[in-house]
Amino acid sequence: MRHHGNIVEMGQLWGNLHDRHGQLVALYCKLLCTKMEFHMKHSEIRPNLEVTDEVLERVAGTDVNNVFQLTVKVFDYLDAELRLAETVIRQLNTSIAISTTTSGQCRLSPLIQVIQDCSHLYHFTVKLLFKLHACLPADTLQGHRDRFHDQFHSLKTFFNKARDMQYFKRLIQIPKLPESPPNFLHAASLAKHARPVVVIPSEDEPEQQEDDDDDDDDPEPLINVSDVTMPSMMVPQQFDKFDQTFGPSNDKDIQIENLQQDLGKLRADLERVKGEAQRYITQLKSQINSLETELEEQRVQKQRALVENEQLRMELEATRRRNAEHEIVQATFGEAETRVQATEQRYTKLKEKHTELVSSHAELLRKSADTVKILSATHQNQEEVERTKQQLAFEVDRIKLDADMKLEEQKFEMKKLKRDFEEKRAEVEHVKGTLQRTEKVGEQLTSSMLALQVEKERLMRSASEKEAELSSLSQAAQLQQSSLQQERDRSTRELGELQGKLQEKSRREVQLQQKLLEEQFSLLQGTVSEAEYIIQDAVAKLDDPLHIRCTSSPDYLVSRAEATLGSIDKVKKGHSDYLTNMGDAGGLLRALTNFSHLAADTIINGSATAHLAPTDHADRLTENCRGCATQSLQFLKDLKSKASLQRADPASIRIVVEKIMKLGEELRPKGMDVRQDELGDLVDKEMAATSAAIEKAVSRIDEMMNQARMDTSGVKLEVNERILYSCTDLMKAIHLLVLTSTDLQKEIVEGGRGAATIKEFYARNSRWTEGLISASKAVGWGATQMVESADKVVLHTGKYEELIVCSHEIAASTAQLVASSKVKADRNSTKLTALQQASRHVNEMAANVVASTKTGQEHLEDKDTMDFSGMSLIKLKMEEMESQVKVLELENQLGNERLRLGELRKKHYNIAGVPAADLPEGNGLDPLLAPVAPSSPKSSKPSVMRKPDLAQKPNLTPKNMFR
């Protein structure tokens, strides 16, 4: 466990390498760190994870919070295992490696431990989730269930792939997981759960059993001894073209090539060793600098801790002073209680005096009555008795009022003293709590200072070890450099001796090159002679009486002339390439062969068309056919001579063929109106424009790929390359589908038009023709939009979601094109079968684009674990409320965008001519599969760049769009 920090540094160092091995080592180091952290926190669980259910129950405990946290830790542990396994298998598939090769076994060897750990972690997860569902409501654990389902399917896929690999069959027995994950909402499903058991064959099995096994099941050894040879004994596997033609060179030439290869390898090894030594020295220096920076930070933290300790000491002194004041307050409070008791005693005495006054008043009243009776006879003393009575009554009232006032004053003073007492008591409790917290902080600071001191000593030891290691590496590099210098001097001497032999071989290569040029020119003369014979045979048929019965249509003549014009362009390009490199005449030979057949076909069909044409057109057509033959023969004659080879030009042939094509167009029937004529021509134009747009998209993707390799690197480059490769495959699949659809349409037209022309057939089936035109425009627009979206993603200005939507749009558009082509196609047509296969291929490629885009997006996202350890309870609550507000806002925006999408789709179908009653429920397809209409394209854009209006859109969703 003490080397945990070294593993983290090693993972970071390997992660900086932009190759596949560095990525695997970084993931494996991260897995080791996760494993060590898990077992340090849960020491009861053994490192090999082989524990009983009773131990797992004891580790989880009865507190639901502990069970919840343990489940999350197991989830994270299993995620790290699966991430390493998926990366290994993905790289194994990408590199086209198998499990019996050296590189394949090197990658697969860590997965044996991964398989063992995953089986135990899967069992832990199932047990803990059933326990959580018994304590918490199902809605609270929805996130746990979703995460378990994802891990279940990933683990099942990994086990199935590993079980099929030859490498694991003799080393480990992989368990099978159930077809579906457990149902945690029913507690009875726990009884159906079976713990997956991994079986590793015993090492002491008899060797007799291994010898009896099939040899095909044994994995190849990691290193083949027969393949290890010295560099100087290597024999080249392939020789050049001249050696294959005229036999191998002598042994000296082979030795020269071997020595040159050895010298190049030695130089490359020297540069590599120098680069590695310099890079390692740079890394060590950077590590030393980082360690010094950390040491300085620790010193600053120590000084800061000392300052904080002094502040806490001062606060402690202040707290002690407050405690002394509190003792004074308590003494004052005791005096107040004494005064309260004295006041209560005075109140009791006043109450007793009041009682005495009341009794004396009653006595006086009785005496007054007696006096009245006694003095009733005496009239003179009556007034005096009345005055005495009034005085006595006044005195009684005054005494009663004084007693009441004194009583109220005593009550108010008692309440005030009680309030002061409660306030002092609360202040005393607060001072006691502050004193306790201050003592705890002081203890924490003391322990922190001790830990910092230990860390400082460790860093100093590590720095000294790094310096010693750097010194040893420098000495090793110097020794290596001196040995390489000696080897370089020896190789230089040997190279000087071999220079003469190389010059002799160069002279021989010049002679062989000249002989090759002569043979290439001889092949060209033979091809030209054959082409002349084909043209002369076609010219001879113009004067053949038997040829008069042959007839042809102007449409077919125009198609033959167009094909001839295309072959002339290829001949011109092949002629230019041959003049640039006269050692390769293959392109010119193929172009001449195709041109001779097409030109002869044009001449023959031109003469056959003239047999049914008016006299004027027939004469001009025959004359131009002869002119085409004359110009073709003249061009071929120039190619046969080296003197005239440079000035040979097929431009004159093009002029004559264009005249023949123009005459054929003039001979076409004129029975249709202008609109029908435009509709017939528009089909071929749109299909050609769509094909051109797709070709342009492929070339643009290649340019973006080169630009991405220059501007980006690392994971971003890998993601961009995968996305662009998948886009290129999709474009090629669409191009193949368009070509297949074009051939199928020609078959439909030729089979259904009868005696009518092609334009008449398109005009008669205008609704079907408009559907073809609309589908072709949609395919071209989708290809262009995908290129723009991919360009934005590579330049970091676009969104991955745009690329996914474009993939869905292209799949829908191609499905529309296939549906439009199938309307009038024969069910038994082989071209229809080819079209359906091409459509399925487009759907697969579109799904690959979506998958690679989503995978790249996940790889580029920051998936670091969120750290909330430094937040207080109030801060966490505030962050939680802000997150809930954002969730509500995004849900509101999502609802509004779905409503807007529905309205856009209704408007789209209305413009396309589909009634609202025919729309599927929910405004069409699923939101992720439905095509997305563009937002108000500018009028300045070309027509291919804007999405066309659909003339007719099928209501049926194409099957198997995405698998």
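It should be emphasised that the depicted structure is a prediction, and the values quoted were computed from it without experimental measurement.

Peer 1: Residue-level account of the overall build of the protein, with values.
Peer 2: Tallying secondary structure elements over the protein gives 23 helices and zero strands in all. When burial is assessed residue by residue, the protein has 34% of its 963 residues classed as buried. By sequence separation, contacts in the protein at least 24 residues apart represent 80% of the contacts at least 6 residues apart.

Peer 1: Tell me what's going on with the environment of Val67, and back it up with residues and numbers.
Peer 2: Looking at the secondary structure, you find Val67 in helix 4 (residues 64–94). Sequence separation between Val67 and Leu128 is 61 residues; the distance between their C-alpha atoms is 6.9 Å. Val67 has contacts with Ala60, Gly61, Leu128, Lys131 and Leu132, leaving out every residue within four places of it along the chain.

Peer 1: An account of the pattern of salt bridges is needed here, citing residue identities and associated values.
Peer 2: Side chains that differ in charge, positive against negative, can pair when their charged atoms come close. Per the stated rule, a full pass over the model turns up 18 salt bridges. Here Arg195 ties to Asp53 by a salt bridge, and the two come within 3.9 Å at their closest N and O atoms. Placement of Arg195 in the loop between helix 8 (166–169) and helix 9 (207–212) and of Asp53 in helix 3 (residues 53–60) is noted, with a sequence separation of 142 residues between them. Across the pair Glu57 and Lys131 runs a salt bridge whose closest N-O atoms are separated by 3.0 Å. In this pair, Glu57 is assigned in helix 3 and Lys131 in helix 6 (residues 111–133), connecting sequence segments 74 residues apart. Residue Glu57 is classed as partly exposed on the basis of its relative accessible area, which comes to 41%. Among the ionic contacts, a cluster of salt bridges with common partners joins Asp53, Lys127 and Arg195.

Peer 1: Could you give an account of the environment of Ala692, with specific residues and numbers?
Peer 2: When you line up the elements, Ala692 lands in helix 17 (residues 674–711). C-alpha of Ala692 to C-alpha of Gly780: the two residues are 88 residues apart in sequence and 8.5 Å apart in space.

Peer 1: Mind laying out unusual backbone geometry, listing which residues take part and the relevant values?
Peer 2: Despite not being glycine, Leu49 has its phi angle at roughly 65°, a positive value. Its location among the elements puts Leu49 in the loop between helix 2 (20–41) and helix 3. A relative accessible area of 0% places Leu49 in the buried class.

Peer 1: Summarise the confidence of the model for the protein; cite the residues concerned and give the values.
Peer 2: Scored by pLDDT, the protein comes out at a mean of 76, with 78% of its residues at no less than 70. Confidence drops under pLDDT 50 across residues 205–247; counting only partners more than four residues distant or on other chains, this segment forms 35 contacts. Every residue in residues 913–963 is under pLDDT 50, and counting partners more than four places away or in other chains gives 86 contacts.

Peer 1: Explain the packing of aromatic side chains to me, using residue names and the numbers behind them.
Peer 2: Evaluation of the coordinates by the stated rule reveals eight aromatic pairs. Here the aromatic residues Tyr122, Phe130, Phe148, Phe152 and Phe184 are joined through ring pairs into a cluster of three or more. Lying across the ring of Phe521, Lys642 places its NZ or CZ 5.2 Å from the centre.

Peer 1: Explain the nonpolar core to me, and be specific about the residues and the numbers.
Peer 2: Grouped together as the largest cluster of nonpolar side chains are 53 residues, with contacts concentrated most on Ile115, Phe158 and Phe168. Those residues in contact with Phe168, other than ones at most four positions away along the chain, are Leu108, Leu111, Ile112, Ile115, Ala162 and Ile174. Formed by 50 residues, the second largest nonpolar core is a distinct cluster that contains Ile773, Val787, Ala825 and Val849.

Peer 1: I'd like a rundown of helix 3, residues and numbers included.
Peer 2: Regarding helix 3, the residues found buried are Val55, Leu56, Val59 and Ala60. When helix 3 is viewed along its axis, its buried side chains cluster within an angular range of 135° and face the same direction. The exposed set on the far side of helix 3, more than 90 degrees from its buried face, consists of Glu54 and Arg58. Positive backbone phi, approximately 75°, marks Gly61, located one or two places after helix 3.

Peer 1: Describe in detail a negative patch on the surface, supporting the description with residues and values.
Peer 2: On the surface, a cluster of negative charge is made up of Glu325, Asp420, Glu423 and Glu427. With three residues, the single largest contributor to the negative patch is helix 12 (residues 382–542). Mapping Asp420 onto the fold places it in helix 12. Under the relative-accessibility criterion, Asp420 is labelled partly exposed at 34%.

Peer 1: Please set out the packing of helix 21 (residues 800–822) against helix 22 (residues 830–860) residue by residue, giving values where relevant.
Peer 2: Each pair of packed helices can be described by the angle between their axes along with the distance between the axes. Packing of helix 21 against helix 22 brings their axes to within 9 Å, and their N-to-C directions diverge by 175°. Judged on the interaxial angle alone, helix 22 and helix 21 are roughly antiparallel. Here the contact of helix 21 with helix 22 is composed, by residue class, of twelve nonpolar, nine polar and three charged.

Peer 1: Account for a positive patch on the surface, with residues named and values stated.
Peer 2: A contiguous patch of positive charge on the surface is contributed by Lys411, Lys415, Lys416, Lys418 and Arg419. For Arg419, the location among the structural elements is in helix 12. Classification of Arg419 by relative accessible area gives partly exposed; the value is 46%.

Peer 1: Quick one: what's the story with the packing of helix 14 (residues 586–610) against helix 15 (residues 615–639), residue by residue and with numbers?
Peer 2: At a closest axis distance of 8 Å, the pairing of helix 14 and helix 15 adopts a crossing angle of 160°. Put simply, helix 14 runs roughly antiparallel to helix 15. As helix 14 runs across helix 15, the sense of the crossing is left-handed. From helix 14, Leu592, Phe595, Thr602, Ile603, Gly606, Ser607, Thr609 and Ala610 reach across to helix 15, where they touch Ala618, Leu621, Thr622, Cys625, Cys628, Ala629, Ser632, Phe635, Leu636 and Leu639. Among the residues making up the contact of helix 14 with helix 15, the classes are represented as twelve nonpolar, six polar and no charged.

Definitions and cut-offs
Within every chain, residues take consecutive numbers counted from 1 along the sequence as written. In keeping with the predicted nature of the model, local features appear solely for residues at pLDDT of at least 70, side-chain atom pairs appear and are counted solely at 80 or more, and the whole-chain, interface and lining totals rest on all residues. Calculation of side-chain values draws on the structure's entire complement of heavy atoms; hydrogens and water are dropped beforehand. The helix count covers DSSP runs of H or I at least four residues long, the strand count covers runs of E at least two residues long, and both are numbered beginning at the N terminus. Type-normalised accessible area, obtained with a 1.4 Å probe on protein chains alone, sets the label of each residue: buried when under 20%, exposed when over 50%, and partly exposed for intermediate values. Any two residues whose heavy atoms approach within 4.5 Å at even a single point are treated as in contact. A side-chain nitrogen of Lys or Arg and a carboxyl oxygen of Asp or Glu constitute a salt bridge if their distance falls within 4 Å. Each residue gets a pLDDT score, which is the predictor's confidence in that residue and runs from 0 to 100. Pairing of aromatic side chains here covers Phe, Tyr and the six-membered ring of Trp, requires ring centres within 6.5 Å, and sorts the geometry by plane angle: under 30 degrees stacked, over 60 edge-to-face, intermediate tilted. Think of it as a cone above the ring: NZ of Lys or CZ of Arg counts as a charge over the ring if it is within 6 Å of the ring centre and within 35 degrees of the ring normal. Here, nonpolar core means buried Ala, Val, Leu, Ile, Met, Phe, Trp, Tyr and Cys residues that are tied together by side-chain atoms lying within 4.5 Å of each other. When we speak of the arc, we mean the arc of directions from the helix axis to the C-beta atoms. Patch membership is restricted to residues that have no salt bridge and whose relative accessible area is over 30%. Joining uses 9 Å for like charges and 5 Å for the nonpolar side chains Val, Leu, Ile, Met, Phe, Trp and Tyr. Residue exposure ignores everything except the shown protein chains as possible cover, and the areas themselves are Shrake-Rupley values with a 1.4 Å probe. Within this scheme the basic residues Lys and Arg register as positive and the acidic residues Asp and Glu register as negative, but His and the chain ends are omitted. For charged residues, the charge sits on one atom: NZ in Lys, CZ in Arg, CG in Asp, CD in Glu. A fitted line through C-alpha atoms serves as each axis, taken over the contacting stretch for helices, and the angle formed by two N-to-C directions is quoted from 0 to 180°. The scheme is simple: roughly parallel for angles under 35 degrees, roughly antiparallel for over 145, roughly perpendicular for 65 to 115, oblique for anything else. When residues are grouped by polarity, Ala, Val, Leu, Ile, Met, Phe, Trp, Tyr, Cys and Pro land in nonpolar, Asp, Glu, Lys and Arg in charged, and all others, Gly among them, in polar. Crossing handedness is read from the near helix: turned anticlockwise from the far helix by less than a right angle, it gives a left-handed crossing, and turned clockwise, a right-handed one.

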